Amino acid sequence: MKEDYRGVTALVTGASKGLGRAYALELARRGARVILLARSEGDLRKLAAELREQHGGPEAEVITGDLADPDGPERILRELHDRGLTVDLLLNNAGAGSVGPFLGRPIEPQLRSVGLNVSGLLALTHAIGAELVARGSGGIINVSSTAAFQPMPYQASYAGTKAFVLSFTEALAEELRGTGVHVMAAHPGAIATGFFDGTSATIDAKAADTPATVAADTLDDYARRRSVSYPGRAVNRALTWSARLLPRPVTARLAGSFNRRLRLHETVDVGQ
Ligand SMILES: NC(=O)c1ccc[n+]([C@@H]2O[C@H](COP(=O)([O-])OP(=O)(O)OC[C@H]3O[C@@H](n4cnc5c(N)ncnc54)[C@H](OP(=O)(O)O)[C@@H]3O)[C@@H](O)[C@H]2O)c1
């Protein structure tokens, strides 16, 4: 484990639960100061208190905001500025995705997930990336997914957003090479979180990594200045290679049949 996060201020988006919460806990454990961002203020405040109890020091900063709102990122950036917070590590983790047949699911959540996974991530990266380059240090971790590497029937728009994050992050890493700013994409496979909450789809915890493992592996890879991280079990990385070697229509068919076995083609909303 690499401990060298002391002196780093990290902005973690989507920190209220799931993987983002695990990133915040692991960053604090490694000595970073964290800024917690999501929409659920209560959860963020509870986490800030937990971090203080476990690690002491100044309380984590809490910023509530909606990254999918067209003016959400700008309001968040203003808040950072007004509080005099300087970010050394931007961890673009917040993400959401619609599951089920594209035409059979409402369009609104899918558009919002594009706003969150793509536009929100771009806006924060653009503003904070410019500050990092001006200082010649720090970095950005964009959380993508193994879903980025092939078309995913029944998660079609979600996988599309993650393919965007993959391509964008690789290009930005090259643009910023030599500036002192490190850019890395992380591609987890299935993680045991509430990602599918509110729908009939489920994540099989036995076939999924824990958020804590994924967070620790990602932060190790970033500390080693890797350009890409495949946190969690090794099979996730191996599957991204087979997706790169096979013709695209074949990968689409295989992914479709995999997701049908998980009954994702029958996904319906359920009460929470
Ligand atoms: N779970 C998996 O199997 C898996 C696999 C590969 C990659 N990933 C990626 O890992 C990341 C984290 O996923 P997760 O599984 O931890 O999901 P999750 O448990 O659903 O958590 C999502 C986080 O994003 C925040 N969020 C959602 N909408 C937001 C918005 N409009 N503005 C600001 N924050 C928002 C949520 O907080 P609020 O609701 O409080 O805003 C929450 O903190 C995502 O990018 C996801 O695509 C997940």
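Residues numbered from 1 in each chain as written. Predicted model: local features only at pLDDT ≥ 70, side-chain atom pairs only at ≥ 80, totals over all residues. Heavy atoms only, no water.

The name recorded for the chain in an unreviewed UniProt entry is Dehydrogenase, from Streptomyces aurantiacus. A UniProt comment under Sequence similarities (unreviewed entry) is attached to the chain, and it reads "Belongs to the short-chain dehydrogenases/reductases (SDR) family." (UniProt positions renumbered as here; feature names shortened; annotations may be inferred.)

A. Seen up close, the pattern of salt bridges. Under the defined criterion, the tally for this structure stands at 20 salt bridges. Notably, a salt bridge pairs E26 with R30, separated by 2.8 Å at the nearest N-O pair. Residue classification places E26 among the buried residues on the basis of a relative accessible area of 10%. A salt bridge links D269 to R105; its shortest N-O distance comes to 2.7 Å. Residue D269 is located in the segment after α8 (248–261), and its partner R105 is located in the loop between β4 (89–92) and α4 (107–135); the two are separated by 164 residues in the primary sequence. Classification of D269 as exposed rests on a relative accessible area of 51%. Here the salt bridges share partners, and the residues they tie into one network are E26, R29, R30 and D220. (Salt bridge = Lys/Arg side-chain N within 4 Å of Asp/Glu carboxyl O. Buried < 20%, exposed > 50% of the residue type's maximum accessible area, 1.4 Å probe, protein only. Helix = DSSP H or I, 4+ residues; strand = E, 2+ residues; numbered from the N terminus.)

B. Structural detail: the pairing of β4. The side-chain alternation of β4 yields two buried faces, one formed by L89 and L91 and the other by L90 and N92. As judged from the three bridges shared by strand β1 (residues 9–13) and β4, these two strands associate in the parallel manner. Opposite A10, over in β4, you have L89 as the bridge partner. Relative to strand β5 (residues 139–143), β4 runs parallel, the two being bridged by four bridges. (Pairing = 2+ DSSP bridges.)

C. Looking closely at the sheet that holds strand β2 (residues 33–38). Overall, parallel pairing links the seven strands, which are arranged β3-β2-β1-β4-β5-β6-β7 in an open sheet. Looking at strand neighbours, the two that pair on one side only are β3 (61–64) and β7 (228–229), the edges of this open sheet. Taken together, the five bridges between β5 and strand β6 (residues 182–186) define a ladder with parallel strand orientation. Counterpart to V143 in the pairing with β6 is A186. Lying over the sheet, helix α3 (residues 72–82) contacts β1, β2 and β3, oriented at roughly 150° with respect to β3. (Contact = heavy atoms within 4.5 Å. Axes fitted to C-alpha atoms, helices over the stretch in contact; angles between N-to-C directions.)

D. Representation of the site of the ligand. If you check the shell around the ligand, you find 30 residues, and the closest are R39, S40, D66, Y158 and T193. N93 places a main-chain nitrogen or oxygen 2.7 Å from an oxygen atom of the ligand. One nitrogen or oxygen atom from the main chain of I191 is found 2.9 Å from an oxygen atom belonging to the ligand. Mapped by element, the contributors of at least two residues to the shell around the ligand are α1 (18–29) and α5 (156–175). Here the shell around the ligand is built from residues that sort into 14 nonpolar, 12 polar and four charged. (Near = heavy atom within 4 Å. Polar contact = N/O pair within 3.5 Å; in protein donor to acceptor, adjacent residues only side chain to side chain. Nonpolar A, V, L, I, M, F, W, Y, C, P; charged D, E, K, R; others polar.)

E. Here's a closer look at the UniProt feature "domain: Ketoreductase" (unreviewed entry) in the chain. UniProt's feature table lists "domain: Ketoreductase" (unreviewed entry) at residues 8–194, given in the numbering used throughout. Helix makes up 47% of residues 8–194 and strand makes up 16%, while its end C-alpha atoms are separated by 29 Å.

F. Just the packing of aromatic side chains, in detail. Summed over the entire model, instances satisfying the criterion amount to five aromatic pairs. With a centroid separation of 6.3 Å and 40° between ring planes, the pair formed by F149 and Y230 is classed as tilted. Residue F149 is found in the loop between β5 and α5, and its partner Y230 is found in the loop between β7 and α7 (234–245); the two are separated by 81 residues along the sequence. Looking at Y230, the relative accessible area reads 15%, which means it is buried. The interplanar angle of 15° and the centroid separation of 6.0 Å between the aromatic rings of F164 and F168 together place this pair among those described as stacked. Here F164 and its partner F168 are both found in helix α5, four residues apart, which amounts to about one turn of the helix. One aromatic cluster is present, built from ring pairs that chain together Y158, F195 and F196. In this structure, R244 packs its charged tip against the face of W241, placed 4.1 Å from the ring centre. (Phe/Tyr/Trp six-rings, centres within 6.5 Å; stacked < 30°, edge-to-face > 60°. Lys NZ or Arg CZ within 6 Å of the ring centre and 35° of its normal.)

G. Representation of unusual backbone geometry in the model. Even without a glycine there, the phi angle at R225 is positive, about 60°. The topology assignment puts R225 in the loop between α6 (211–223) and β7.

H. Local environment of the nonpolar core. In terms of nonpolar packing, the biggest core is built from 32 residues, with Y23, L27, L36, L89, L91 and I141 touching the most fellow members. Those elements giving two or more residues to this core turn out to be β1, α1, β2, α2 (41–55), β4, β5, β6 and α6. The element best represented in this core is α1, accounting for six residues. Once you skip the residues sitting within four places of it in the chain, L27 turns out to touch Y5, A10, V12, A32, V34, L89, L91 and L219. Grouped together as the second largest cluster of nonpolar side chains are 24 residues, L67, I76, L124 and L132 included. (Core = buried A, V, L, I, M, F, W, Y, C linked by side-chain atoms within 4.5 Å.)

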